[in-house]
Amino acid sequence: MLKVQKLRVEYKENPVGLDVRHPRISWQLQAEERNVMQQSYDIQISAEPDFGTLLWTSGRVYSDQCTHVELVEPELRSRQRYYYRVKVWDRENRHTEWSEAAFWEMGLLKAEEWQAGWISAPLSLLGAEAEQCPLVRHTFHIDGTPLQARMYVTALGLYEMELNGSRVGDGYLTPGWTSYNHRLQVQTYDITGQIEAGDNAVGAWLGNGWYKGNLAWDNRKHLYGDRPALLMQIHLTFEDGDEQIISTSEHWTAAAGPILMSELYHGETYDARLEQSGFSRAGYDDSGWSRVELLTHPKEILVAQENVPVRKIEEIKPVQLLKTPAGETVLDMGQNMVGWMHFTLEAPGGTQVQLLHFEVLDQEGNVYTDNLRRAKQTVTYIAKGGGPESYEPRFTFQGFRYVQLLGFGANVALQDFTGIVLHSDMEPTGSFTCSNPLLNQLQHNIRWGQKGNFVDVPTDCPQRDERLGWTGDAQMFIRTSAYLMNVAPFFTKWLKDLAADQLDHGGVPFVIPNVLGEKEHSSAAWGDAAVICPWTLYQCYGDKRILEQQYPSMQGWVEYIRQQGSDEFLWNTGFHFGDWLGLDAKPDSYSGATDTDYIATAFYAYSVQLMQKTAHVLGKTDDAQRYSELYSRIVTAFNREFITPSGRLSVSTQTACVLALMFGLVEGTAKERTVDKLLKLLEESHYHLTTGFVGTPYLNLVLSEVGHTDVAYQLLLQTDYPSWLYQVTKGATTIWEHWDGIKEDGSFWSKDMNSFNHYAYGAIGDFLYRHVAGIELDEDFPGYKKFVIQPQPGGDLTWAAAELETLYGRIRSEWRTAANQLEVSVSVPPNTAAVLYLPNSVLAQVRESDGLLELVAGVHSAEQLGDKVKLELGSGDYSFTYAVEPQL
């Protein structure tokens, strides 16, 4: 049976509020049999869910494309909902039924459609330093019940909307963090079910957030503006076609709310005695409230929500209540998490309690907060009294495993506390498990590192006074992140901010959005995120549009590098972070021993190589030729500068060897000597890494690619310092910033820069998926249209399994060894094909479900290639078995 399923528009299911003028739709095929490929498709679009009248139809289009099908027609209108459905024919000319109807809805497409004004509470309401968070409200009347009601809203700062006493939407930290001077996201809500005939009231909480609050480590505030403001517009459509618009205006009122202080780093202070209960209901007496003030702020910068919203994803209950040696009362959540605590208490009015959030206990088992630096991570609650009351913050988040309780008294009950996990609501797409429990915990830690640091932007860490979108960390981890979750909308939004904040000369700030100023920019491996991230998204999702949109930014970065220094083929000028936190660094240095000129030129070559490929994909023939020639000259200059005539690297570090091999900068004798040198360096370190942020993501990949997967496994499975599994043995539940964040004796590496939730080294997940399980892209068929499965058993593993939900469907790779037999099971989604390499195999001995290969449906070809069997597979589920040598 053939069926169309999982219809999406711009990666999203039934999105409301798009502003993409030519949206793209994707679908999957479901088929019970093997070897299914799409031959053609038909798309219908209607304004009616029953498709009574068609606005547009593609007709039967002979194409196997089922992802990112661009709808060039019809011309789309603001606020219009469009229903669509798809029919597909396979290569046997069998067709599906029409898919179930899906839809998307446009938002406000033009700035002039905004009748609303920017409103803000008078500063005089909010205390001497204007730290108290304001409330704003408005009452309106409607005759009858609307057929459709939409709310369009954004803010300078953060907002939370209420309508007739109920919260609007399930997003948090809205409207999110963008390059506020250039781009500000608008959220659209379907409020049809919340509107009532007669009198209605709408209200909002406003907070500082990234716009006004404290950012970075110098205690700077007001980086974008000095007061929160709201812009909101409600559109009501009635059955007779009439419309009514309610919007923010000078007629709204404002008051100081119960949130006395709210900062992303420092937490929230809430006085429940000041609650304005019912302020978002009609009939509320706001006679004591003040009129709002109108602000002047551009609306041309408004864009529809691009990323998926931050949501409450899950809840965690504390695993134990600790009494530390110092007498502190501490909750242990059992997991380093990001979000906040929900709690219930019963206390007299005016009672103050505090929750101090932190990551680790110190050497003696007491509360440890030094690594938070200036971030206070403290929630203060003042009870109103009169019975049980519950609270959780609104406009802050914390990174923590432990919570110190202050003022709660002796009778603390665990059931009164719940950890609320927050992050961007990305669809989970990947899983990895194996026979080694420590590796499974490492995979868990990588996933939780991504969850904790993908809170609207890809942050370096979620707990101390930083939490910034460091470009280097993002490009190092993006490939791994794309296995674990669908990060396409997340990075699409972030890359647009990168382009917006990019400097006129093409330099790329260290962090995006940029809050460090124009002088902090353009380190190698950091600024290269401008090129590496779009290319990675294209490869993982087949998204050509991301290359089209980012091409000027990508080109700007490469041209910036080219213009540095006296030699346009070497990059030997400027500041660079180098191999950040490399273990071969000199004392009192954060940068590893690898020369920064070497790293900079290596990444220069890599970015130019990706530019050549990007230009080729986009049909920019002249650019592709120019960048191809530039790449060749950079490689020549690199070899002249850093490789001796006999083929020896002049920079003798693990990272130097890794970059030369990963980026294809050495060939022939130089490549052989570089491989030998890397193996020698690893032997000298007793097969432990000395690499930092730059070398670590590629280390195991390179070893496997040059035929030393056994050494890659040796590194992977080390459990003593320094190694990935050392952290696991020390109880880590996320990835650490430093290999020795906690030393063997329980002391700490540093108090200045020692995050225990820092995802960069989690890039080892790339190796787990691509080599251990063996799921790999084919660069010529992006988005897994055609892909490679090449599992590489090794170490002490007896089995490993990975799954990846692509835009086409689920890819699975699993291998198991038992009784000198290897079983390899794979799944290939409909409308795709795969090349499977069976390790250590002999063609005549391979069976599929006890059948001979030449009789197996879906196996297009089979051949012996050295010690591997290569199989060309159509879609379907397969299970291959064969005998292997005992040592495997």
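Rules of the game
Residues numbered from 1 in each chain as written. Predicted model: local features only at pLDDT ≥ 70, side-chain atom pairs only at ≥ 80, totals over all residues. Heavy atoms only, no water. Core = buried A, V, L, I, M, F, W, Y, C linked by side-chain atoms within 4.5 Å. Buried < 20%, exposed > 50% of the residue type's maximum accessible area, 1.4 Å probe, protein only. Helix = DSSP H or I, 4+ residues; strand = E, 2+ residues; numbered from the N terminus. Contact = heavy atoms within 4.5 Å. Expected span 1.5 Å × (residues − 1). 1 Å grid on protein atoms, 1.4 Å probe; cavity = no way out; pocket = protein on both sides within 12 Å on 5 of 7 lines; lining within 4 Å. Points joined across faces, edges and corners; volume = space filled by probe spheres on them. Nonpolar A, V, L, I, M, F, W, Y, C, P; charged D, E, K, R; others polar. Pairing = 2+ DSSP bridges. Axes fitted to C-alpha atoms, helices over the stretch in contact; angles between N-to-C directions. Salt bridge = Lys/Arg side-chain N within 4 Å of Asp/Glu carboxyl O. Phe/Tyr/Trp six-rings, centres within 6.5 Å; stacked < 30°, edge-to-face > 60°. Lys NZ or Arg CZ within 6 Å of the ring centre and 35° of its normal. Parallel < 35°, antiparallel > 145°, perpendicular 65-115°, else oblique.

Q: What's the story with the nonpolar core in this structure? I'm lost.
A: If you look at soluble globular proteins, the nonpolar side chains tend to sit buried side by side. Within the largest apolar cluster, 230 residues are counted, with the highest numbers of intra-cluster contacts made by Leu 442, Trp 494 and Phe 880. The element best represented in this core is helix H7 (residues 596-617), accounting for twelve residues. Apart from the residues within four sequence positions on either side, Trp 494 is in contact with Val 457, Pro 458, Gly 469, Thr 471, Ala 474, Ile 512, Ala 529 and Cys 533.

Q: Could you clarify how one ought to interpret helix H4 (residues 488-501) in this entry?
A: Note on helix geometry: an α-helix contains 3.6 residues per turn, so any two residues three or four positions apart are oriented the same way. Look at H4: 20 Å from first C-alpha to last across 14 residues, which is about the 20 Å you get at 1.5 Å a residue. Of all 14 residues in H4, eleven are buried; the element is thus mostly enclosed. When H4 is considered as a whole, its buried residues turn out to be Ala 488, Pro 489, Phe 490, Phe 491, Thr 492, Lys 493, Trp 494, Leu 495, Asp 497, Leu 498 and Asp 501.

Q: Just checking my understanding: could you explain the layout of surface pockets for this structure?
A: Any empty space left between the atoms is revealed when a probe the size of a water molecule rolls over them. What the largest pocket holds in volume is close to 880 Å³. What lines the largest pocket is a set of 35 residues, and nearest its centre among them are Arg 479, Tyr 606, Met 662, Arg 770 and Glu 779. Those elements that provide at least two residues to the lining of the largest pocket are helix H3 (471-484), helix H5 (529-541), H7, helix H9 (654-662), helix H11 (696-705), helix H14 (765-773) and strand S37 (775-777). Residue classes in the lining of the largest pocket are distributed as 18 nonpolar, seven polar and ten charged. Empty space within the second largest pocket amounts to approximately 710 Å³. Lining of the second largest pocket is provided by 27 residues; of these, Lys 12, Glu 13, Pro 15, Pro 309 and Arg 311 occupy positions nearest its centre. Elements with a minimum of two residues in the lining of the second largest pocket: strand S2 (16-18) and strand S14 (184-190). The greatest single-element share of the lining of the second largest pocket, amounting to five residues, is contributed by S14.

Q: Just to check I follow, could you spell out the sheet that holds S37 for this structure?
A: The pairing of strands in a sheet happens through backbone hydrogen bonds and is either parallel or antiparallel. Reading across from one edge, S37-S38-S42-S46-S45 is the order of the five strands in this open sheet, with mixed pairing throughout. Since the sheet does not close on itself, it has two edges, and those belong to S37 and strand S45 (859-865), each with one partner. Pairwise comparison of adjacent strand axes, ignoring direction, gives a mean angle of 20° for this sheet. As paired strands, S45 and strand S46 (residues 868-873) are joined by six bridges and run antiparallel to one another. Note that in S46 the partner of Ser 861 across the bridge is Glu 872.

Q: Would you explain empty space enclosed by the protein in this entry?
A: Scanning the entire structure with this criterion turns up five cavities of 30 Å³ or more. Of the volumes computed, that of the largest cavity is approximately 150 Å³. As for the largest cavity, its lining consists of 13 residues, of which Lys 6, Glu 427, Asn 486, Thr 806 and Leu 807 are closest to the centre. The set of elements that each furnish at least two residues to the lining of the largest cavity consists of strand S1 (2-9) and strand S3 (24-31). Of the residues belonging to the lining of the largest cavity, the class tally is four nonpolar, five polar and four charged. Lining the second largest cavity are Thr 429, Ala 482, Met 485, Asn 486, Cys 540, Tyr 541, Tyr 784, Leu 804, Glu 805, Thr 806 and Leu 807. Elements that contribute at least two residues to the lining of the second largest cavity include exactly H5 and strand S39 (799-805). Partitioned by chemical class, the residues of the lining of the second largest cavity number seven nonpolar, three polar and one charged.

Q: Help me out: how do you make sense of H7 in this one?
A: Here H7 contains 22 residues, and its C-alpha end-to-end distance of 31 Å stays within 8% of the 32 Å for a straight helix at 1.5 Å per residue. Where H7 ends, the next residue or the one after it, Gly 619, has phi of about 75°, a positive value.

Q: What should I look at first to understand the pattern of salt bridges in this one?
A: It is possible for side chains bearing opposite charge to pair when their charged atoms get close. Within the structure shown, the criterion is met by 53 salt bridges. A salt bridge links Arg 24 to Glu 10; the nearest nitrogen and oxygen atoms lie 2.9 Å apart. Highlighted residues: Arg 24 in strand S3 and Glu 10 in the loop between S1 and S2, separated in sequence by 14 residues. By relative accessible area, Glu 10 is classed as buried at 13%.

Q: Please explain the side chain of Thr 480 as it appears in this structure.
A: As for its position among the elements, Thr 480 is in helix H3. Excluding residues that lie within four positions of it along the chain, Thr 480 makes contacts with Ile 446, Gly 762, Ala 763, Gly 765 and Asp 766.

Q: How should I be thinking about the sheet that holds strand S18 (residues 253-256) in this particular structure?
A: With antiparallel pairing, six strands are arranged side by side in an open sheet as S13-S12-S15-S10-S18-S21. A strand with exactly one partner marks an edge of an open sheet, and here the two such strands are strand S13 (166-167) and strand S21 (290-291). Across two bridges, the pairing between S18 and S21 is antiparallel. Residue pairing for S21: Ala 254 is matched across the bridge by Ser 290.

Q: Where do I start with the packing of aromatic side chains in this structure?
A: For any pair of aromatic rings, geometry is given as the distance between the ring centres together with the angle between the planes. Scanning all chains against the criterion turns up 61 aromatic pairs. Centroid distance Tyr 483 to Tyr 769: 4.6 Å. Interplanar angle 5°. Geometry classified as stacked. Of this pair, Tyr 483 sits in helix H3 while Tyr 769 sits in helix H14, placing them 286 residues apart in sequence. Like Tyr 483, the residue Tyr 769 is buried in the burial classification. Measuring from ring centre to ring centre gives 6.2 Å for Tyr 713 and Phe 767, while their planes differ by 75°; the resulting arrangement is edge-to-face. Here Tyr 713, found in helix H12 (residues 709-716), pairs with Phe 767, found in helix H14; they are 54 residues apart in sequence, far enough to count as distant. Look at Tyr 713 and you get buried, because its relative accessible area is 2%. In this structure, Arg 816 is placed above the aromatic ring of Trp 799, and the distance from its NZ or CZ to the ring centre is 4.6 Å.

Q: Would you explain the environment of Asp 19 in this entry?
A: Tracing the backbone through its elements, the reader meets Asp 19 in the loop between S2 and S3. Of the residues examined, Asp 19 reaches a relative accessible area of 27% and is grouped as partly exposed. For the pair formed by Asp 19 and Asp 50, sequence separation is 31 residues and the distance between their alpha carbons is 24 Å.

Q: Is there a simple way to think about the packing of H3 against H5 in this case?
A: Between two packed helices, what matters for the description is the angle formed by their axes and the separation of those axes. For the pair H3 and H5, interaxial distance at closest approach is 9 Å and the crossing angle is 10°. Considering the angle they form, H3 stands roughly parallel to H5. Within the contact between the two elements, H3 uses Thr 471, Ala 474, Gln 475, Ile 478, Arg 479 and Ala 482 and H5 uses Ala 529, Ile 532, Cys 533, Thr 536, Leu 537, Cys 540 and Tyr 541. In the contact of H3 with H5, the residues fall into nine nonpolar, three polar and one charged.

Q: Please explain the pairing of strand S12 (residues 158-163) as it appears in this structure.
A: With six of six residues buried, S12 is to be regarded as a mostly interior element. Neither face of S12 is left uncovered, since the one carrying Leu 158, Glu 160 and Glu 162 and the one carrying Tyr 159, Met 161 and Leu 163 both have all their residues buried. Bridge count for S12 against strand S15 (residues 198-207) is six bridges, and the pairing is antiparallel. The residue bridging Met 161 from the neighbouring strand is Ala 204, located in S15. As paired strands, S12 and S13 are joined by two bridges and run antiparallel to one another. The partner of Leu 163 across the bridge, within S13, is Ser 166. Connecting S12 to the next strand, S13, in antiparallel fashion are two residues, including Asn 164 with a positive phi near 50°.

Q: Is there a simple way to explain the pairing of strand S8 (residues 102-106) in this structure?
A: A regular strand places its side chains so that they alternate between the two faces of the sheet. Within S8, five of the five residues are buried, which leaves the element mostly enclosed by the surrounding structure. Going residue by residue along S8, you find Ala 102, Trp 104 and Met 106 tucked away on one face and Phe 103 and Glu 105 tucked away on the opposite face as well. The sheet contact formed by S2 and S8 spans two bridges and is parallel. Bridging across to S8, Val 16 finds its partner in Glu 105. Examined bridge by bridge, strand S7 (residues 81-90) and S8 share four bridges and lie antiparallel to one another.

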